[in-house]
Amino acid sequence: MMEELDVAGLEDLARKLAADVQPGDRFFLSGLLGAGKSTFARAFIRSLGVTGAIPSPTFIMDSVYSIVESGLEVHHMDLYRLQGSREEMLMLGFEDVLESSAVVLVEWPERMEDFKERRGCTISISNGDSPNSRRVQVEWNMAGY
Ligand SMILES: Nc1ncnc2c1ncn2[C@@H]1O[C@H](COP(=O)(O)OP(=O)(O)OP(=O)(O)O)[C@@H](O)[C@H]1O
Ligand SMILES: [Mg+2]
C-alpha cells in the first residue's frame, strides 16, 4: 500500500495501526532525517493511552512506556547512533527488547545489519509532491524471525 499523506494523515495511519496492536508487534520506521518517523511514533504511542511527554529518543536510544490500562509495554527506539551489529544490539540489551512481548517502534531500523530478515511492519516514509506531504508505504514481513 502506497499513500500520499500530510501530517494528519500520517497520524491517522499510526492510530489505525495502534488500534490493532498485539504484544510483540514491531514497527520499523524507515525514512531520512525529518521524514516523520517520530511524528508517527508519537501519534501511535499517544493513542495507546500515554498522556505525558513523548520525547524523541535520539540520545536515550530507547524510551519505555508502561501502559497500566492495557498492560502493554511500548519501546520507542532510535538506532541512528549505532553501527547496528548483532553484538552491539546484544550488548545494549536491544535484542532482548526485540524478543520480548513489548510493542517496539524502531526509528533508523536499517542500522540493524539483519533488518530485512526481521519480522514486523515496515513504514517507509519518503518525500511527497509537496513539502508537507510524504509518500508512505506499509509492508508486513511475517516470515522473519
Ligand atoms: N506529511 C508529513 N508527515 C510527517 N511529518 C511532516 C509531514 N509534513 C511535514 N512534516 C514535518 O516534518 C517533520 C518530521 O519530523 P520528525 O521528528 O517526525 O522526523 P524523523 O523522521 O523522526 O526525523 P529524525 O530522523 O531526525 O528522527 C515535522 O516537523 C513535521 O511537522
Ligand atoms: Mg525521529
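The structure under discussion appears in the preceding block.
Residues numbered from 1 in each chain as written. Chains lettered and ligands numbered in written order. Predicted model: local features only at pLDDT ≥ 70, side-chain atom pairs only at ≥ 80, totals over all residues.

(A) Here's a closer look at the overall build of the protein chain. The secondary structure content of the protein chain amounts to four helices and seven strands. Mapped in sequence order, the helices and strands of the protein chain form the string β-α-β-α-β-β-α-α-β-β-β. Taking 15 Å as the expected radius of gyration for a compact globule of 145 residues, we find that the protein chain reaches 14 Å, a close match to that expectation. For the protein chain, the spread of C-alpha atoms along the principal axes amounts to about 40 × 35 × 30 Å. The burial tally for the protein chain puts 28% of its 145 residues in the buried class. Taking the intrachain contacts of the protein chain between residues at least 6 apart in sequence as the baseline, contacts between residues at least 24 apart amount to 66%. (Helix = DSSP H or I, 4+ residues; strand = E, 2+ residues; numbered from the N terminus. Rg over C-alpha atoms; globule rule 2.2 N^0.38 Å. Buried ≥ 20, exposed ≤ 12 C-beta atoms within 10 Å, placed from the backbone. Contact = placed C-beta atoms within 7 Å.)

(B) Structural detail: the sheet that holds strand β5 (residues 103–107). Here we have seven strands laid out as an open sheet, ordered β1-β7-β6-β2-β5-β4-β3, and mixed in their pairing. Each of the sheet's edge strands pairs with one partner strand only, and the pair in question is β1 (2–5) and β3 (62–67). Ignoring strand direction, the axes of neighbouring strands in this sheet form an average angle of 20 degrees. Where β1 meets strand β7 (residues 134–141), four bridges bridge the pair, whose relative direction is antiparallel. Residue pairing in the sheet places Glu3 in a bridge with Val136 of β7. Taken strand by strand, helix α2 (residues 37–47) contacts β2 (26–30), β3, β4 (72–78), β5 and β6 (120–127), and its axis lies near 165 degrees from that of β5. (Pairing = 2+ DSSP bridges. Axes fitted to C-alpha atoms, helices over the stretch in contact; angles between N-to-C directions.)

(C) Representation of the environment of Leu72 in the model. Secondary-structure assignment places Leu72 in strand β4. Between the alpha carbons of Leu72 and Met2 there is a distance of 29 Å; along the sequence they are 70 residues apart. The residues touching Leu72, leaving out its near neighbours within four places in the chain, are Pro23, Leu48, Ile67 and Val103.

(D) Main features of helix α1 (residues 7–19). Its 13 residues place the ends of α1 18 Å apart at the C-alpha level, agreeing with the 18 Å of an ideal helix rising 1.5 Å per residue. For α1, the set of buried residues is Leu10, Ala14 and Ala18. One side of α1 holds all its buried residues, which, seen down the axis, span an arc of 80 degrees. Looking at α1, the residues exposed on the side facing more than 90 degrees away from the buried face are Ala8 and Ala19. Buried residues along α1 sit against β1, α2 and β7. (Expected span 1.5 Å × (residues − 1). Arc of directions from axis to C-beta.)

(E) Just the site of ligand 1, in detail. Lining the immediate surroundings of ligand 1 are 17 residues, of which Ala35, Gly36, Lys37, Ser38 and Thr39 lie closest. For the shell around ligand 1, the elements supplying multiple residues, two or more each, are α1 and α2. A total of three residues in the shell around ligand 1 trace back to one element, the largest contributor, which is α2. When the residues that make up the shell around ligand 1 are grouped by side-chain class, the tally is five nonpolar, eight polar and four charged. (Near = placed C-beta within 6 Å. Nonpolar A, V, L, I, M, F, W, Y, C, P; charged D, E, K, R; others polar.)

(F) Layout of the environment of Cys121. By the element assignment, Cys121 lies in strand β6. Sequence spacing of Cys121 and Arg26 is 95 residues, and the spatial spacing of their C-alpha atoms is 6.2 Å. Beyond its immediate chain neighbours, meaning those up to four positions away, Cys121 contacts Phe27, Val138 and Trp140.

(G) Spatial organisation of α2. Three or more residues of α2 are buried, namely Lys37, Phe40, Ala41, Ala43, Phe44 and Ile45. Where α2 is buried, its residues contact α1, β2, β3, β4, β5 and β6. Downstream of α2 by a residue or two, Gly49 has a phi angle that is positive, lying close to 115 degrees.

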